[in-house]
Amino acid sequence: MASRAPLFPTRVSYRAFGRQFGRGEQALLAAIRQLREPELRAEGLIGLGDLGLDRQGCDAFLGLLPLLATPSAPIDLLRPGSPFIATSELDLLVCLLRIAQWRHARPRADDPLAPLRLQLARCAQAVQAANLHLRPRSLSPVGLRLLDPAGWQRQR
């Protein structure tokens with residue numbers, strides 16, 4: 001496992017993570033971080049477009065950002081250009097990968113995280129449509145909470 005920053009045990013250095021973090025994943029994370037900053041939003045949209053996301057995919061990520069800013073959202077994005085990767089950012093990438101692999105990803109309507117899960121499903125579809133390669137990793141308890149089967153409808 002990559003070494004953790006002593007002051008921030010939930011943040012992993014890009015260098016320490018090394019080759020386990022692909023260029024497409026780095027570009028996706030950089031673009032998502034840029035979308036959060038109003039003055040960098042245009043660059044973030046260009047970055048998503050360069051990864052192969054269409055307008056709907058870009059809109060899905062734009063719709064995700066306000067949901068990540070709520071207290072119930074367990075994902076914290078670091079500032080653009082940060083030399084670290086938050087554990088929750090890795091969880092975001094893993095959730096996108098796993099949700100994209102599901103046949104029908106629909107959150108339960110009565111679940112408090114339903115809006116966040118629905119938007120994650122839209123983002124996962126966009127990532128899958130762009131054929132963006134995300135690597136499988138283990139999830140932290142926060143990521144496991146997002147993928148908790150009790151919060152998703154099962155296919156019948």
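This is a predicted model, so every value here is computed, not measured. (Residues numbered from 1 in each chain as written. Predicted model: local features only at pLDDT ≥ 70, side-chain atom pairs only at ≥ 80, totals over all residues. Heavy atoms only, no water.)

**Section: the side chain of E89**
Mapped onto the elements, E89 comes out in helix α5 (residues 87–101). The contact partners of E89, leaving out residues within four places of it in the chain, are L29, R33, D76, L77, L78 and F84. (Helix = DSSP H or I, 4+ residues; strand = E, 2+ residues; numbered from the N terminus. Contact = heavy atoms within 4.5 Å.)

**Some words on the packing of helix α2 (residues 23–36) against α5**
Following both chains from N to C, one finds α2 and α5 inclined at 115°, their axes separated by 11 Å at the closest point. With respect to α5, the element α2 is oriented roughly perpendicular. At the point where α2 passes α5, the crossing takes the right-handed sense. Between α2 and α5, the residues in contact are E25, L28, L29, I32 and R33 and E89, L92, L93 and L96, respectively. Per-class residue counts for the contact of α2 with α5 are 6 nonpolar, no polar and 3 charged. (Axes fitted to C-alpha atoms, helices over the stretch in contact; angles between N-to-C directions. Parallel < 35°, antiparallel > 145°, perpendicular 65-115°, else oblique. Left-handed = near helix turned anticlockwise from the far one by under 90°. Nonpolar A, V, L, I, M, F, W, Y, C, P; charged D, E, K, R; others polar.)

**A closer look at the nonpolar core**
Membership of the largest hydrophobic core comes to 44 residues, with the highest contact counts inside it found for L28, F61, L96 and I99. For this core, the elements supplying multiple residues, two or more each, are α2, α4 (55–68), α5 and α6 (114–129). With 9 residues, the top contributor of residues to this core is α5. Contacts of F61, omitting those with residues within four sequence positions, involve L28, I32, L35, L48, L53, L96, C123 and V127. (Core = buried A, V, L, I, M, F, W, Y, C linked by side-chain atoms within 4.5 Å. Buried < 20%, exposed > 50% of the residue type's maximum accessible area, 1.4 Å probe, protein only.)

**Considerations on α6**
In this model, α6 (16 residues) spans 22 Å end to end at C-alpha, consistent with the 22 Å of a helix rising 1.5 Å per residue. For α6, the set of buried residues is A114, L116, R117, Q119, L120, A121, C123, A124, A126 and V127. The positive-phi residue at the C-terminal boundary of α6 is N131, with phi of around 55°. (Expected span 1.5 Å × (residues − 1).)

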